[in-house]
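Below, each chain spelled out in residue letters.
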Amino acid sequence: MKKPWSGRFKQSTDTLMEQFSASISFDRRLYAYDIEGSIAHCQMLAKCKIISQAESKKIVGGLKRVLKEFESGKFQCDDRLEDIHMNIESRLTELVGSVGGKLHTARSRNDQVCLDIRLYLRDEVAEIVQGITQLAKTLLQLARKHTDTIIPGYTHMQQAQPILLAHHLLAHIEMLVRDRERMEDAFKRINVMPLGAAALSGTGFPIDRKYTAKLLNFPEVSHNSIDSVSDRDFAIEFCSASGILMMHLSRFCEEVVLWSSCEFGWLELSDAYTTGSSIMPQKKNPDAAELIRGKSGRVYGNLVSMLTLMKSLPLAYNKDLQEDKEPVFDTVDTVKVSLAIFEGMMKSAHFKKIPLDRVDISGFLTATDMADYLASKGVPFRQAHEITGQTVAYCIASGKTLQDITLKELKKISPKFNADVFDHITLENSVQKKNVYGGTAKKQVLAQIARLEKKLKIKSTIGEKK
Ligand code: ARG
């Protein structure tokens, strides 16, 4: 088969080399964006009188036919034509004749491929932003149901202080809100029009880059033709924001796995998002959470692939850059499905009633409150901490908890203890006392729910078509 670049070649390409350099098996996914970009480019060429209106009409008509062939599954991709760009151009020429060859005037595949990835990522990032919002909304629903449920908060995976379950869920929502902001921010740098850079130095044809940008709904054109064809920062930023998002999901997944274990027994996952064991009939495994936790690894891997791909790469275009697509595509696929599965898993899950004696298994969850009590009576906090520490040691030695130690025993440790101490160390009062902005008191948690509700209601404007 004759290559579009075959003019200076005498021998044909080695067959293995042909397969090795072909990207069509994966960049095929860009077909709609490639055609959209080509239509805009062609209309711009006509507007600038570089080709005639009649020629433009013919080419645009042909491109639309090619699009239909893709959509109906009729398009035959050919490895020998390397990539999506040459496959489409070659078919176009078959359909409309030699005028199809005018489409590539004032353009190179170097700027064309950048445009395609940017168009593609614009749509995908907009979808991911919606997925994050949807998940955050579902979690907010769940938080609303649990503004009275007390759970132990942990540090070092040891029981630390009582908190509201809603408060804990809101912590995860805060992370997701930042993930959404990171995606929206990456979108700004994706949303730049590179066409017109051609191979690397621009073009001698009197094109109108701003017109192409307008047709494709880009607010900005790139400012340096060399950078335009070399830059993949925008894709790296996307992979990085995705890595952080997956890291957040993996932390939540870890908790879902723990909470649904019989040792915790807090969370019941639905049958729809769990699987059984082929040998142990009693098993109901939290596979959805485990898989998302596991998939965070490949998303980090994709980020590292992209960074390594770009490291030390000289300007401008190098064929290495063809390797950017698979990590980006895999990141998009993994993030989208993880968000959807996580949302479904949490929407169909329910928290079981957690009895208070199960909340305070250690028996010392409100030790800080005891120290705070003493501090509020004028004992310096360090001393109050020491006295409470002695109280805990005494309890452990005598097989008691803070709840069943008597005032007489307490007075022996410190005369500062009075009968009102017991009020200070109930789980409920401990929670309600944390009435600082951002704290776990119900009043604060309700305020944060209202704030997040408002925030999530604001529709993201990214990715909106004209
Ligand atoms: N398939 C190529 C890629 O993805 C398109 C650009 C090829 N440019 C070139 N000069 N060979 O990077």
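First things first, this report covers the structure right here in the doc. (Residues numbered from 1 in each chain as written. Predicted model: local features only at pLDDT ≥ 70, side-chain atom pairs only at ≥ 80, totals over all residues. Heavy atoms only, no water.)

Once that is clear, we can look at the nonpolar core. Residues Leu121, Val125, Met183, Leu245, Leu249 and Phe342 are the most contacted members of the largest nonpolar core, which totals 87 residues. At 17 residues, the largest contribution of residues to this core is made by helix α6 (residues 109–145). Beyond its immediate stretch of four places on either side in the chain, Phe342 contacts Leu135, Leu249, Phe252, Cys253 and Ile292. Ranked by size, the runner-up nonpolar core spans 26 residues in total, among them Ala46, Val66, Ala106 and Ile207. (Core = buried A, V, L, I, M, F, W, Y, C linked by side-chain atoms within 4.5 Å. Buried < 20%, exposed > 50% of the residue type's maximum accessible area, 1.4 Å probe, protein only. Helix = DSSP H or I, 4+ residues; strand = E, 2+ residues; numbered from the N terminus. Contact = heavy atoms within 4.5 Å.)

What follows concerns the packing of helix α7 (residues 165–190) against helix α10 (residues 233–259). Relative placement of two packed helices is described by the angle separating their axes and the distance separating the axes. Axis separation between α7 and α10 bottoms out at 8 Å; the angle between their running directions is 165°. One finds that α7 runs roughly antiparallel with respect to α10. Crossing geometry of α7 relative to α10 is assigned as left-handed. (Axes fitted to C-alpha atoms, helices over the stretch in contact; angles between N-to-C directions. Parallel < 35°, antiparallel > 145°, perpendicular 65-115°, else oblique. Left-handed = near helix turned anticlockwise from the far one by under 90°.)

This brings us to the pairing of strand β1 (residues 150–155). Pairing of β1 with strand β2 (residues 158–164), which is carried by six bridges, proceeds in the antiparallel orientation. Directly across from Pro152, in β2, lies its bridge partner Pro162. A loop of two residues connects β1 with β2, the two strands running antiparallel in sequence, and His156 in this loop sits at a positive phi of about 55°. (Pairing = 2+ DSSP bridges.)

Going through the model one piece at a time under the given rule, you end up with 11 aromatic pairs. Measuring from centroid to centroid gives 5.1 Å for Phe252 and Phe342, while their planes differ by 55°, and the two rings are tilted. A residue pair is termed long-range when its members are at least 10 positions apart, and Phe252 in helix α10 and Phe342 in helix α12 (residues 325–347) qualify at 90 residues. Judged by its relative accessible area of 2%, Phe252 is buried. On the numbers, 6.4 Å between centres and 5° between planes, the contact of Tyr373 with Phe417 is stacked. With Tyr373 in helix α14 (residues 367–376) and Phe417 in the loop between α16 (407–413) and α17 (421–424), this pair connects stretches of sequence that are 44 residues apart. Phe417 shares its class with Tyr373; the two are buried. Cation over ring: Arg8 sits above Phe9, and NZ or CZ is 5.8 Å from the ring centre. Across from the ring centre of Phe234, 4.0 Å away, lies the NZ or CZ of Arg118, which sits over that ring. (Phe/Tyr/Trp six-rings, centres within 6.5 Å; stacked < 30°, edge-to-face > 60°. Lys NZ or Arg CZ within 6 Å of the ring centre and 35° of its normal.)

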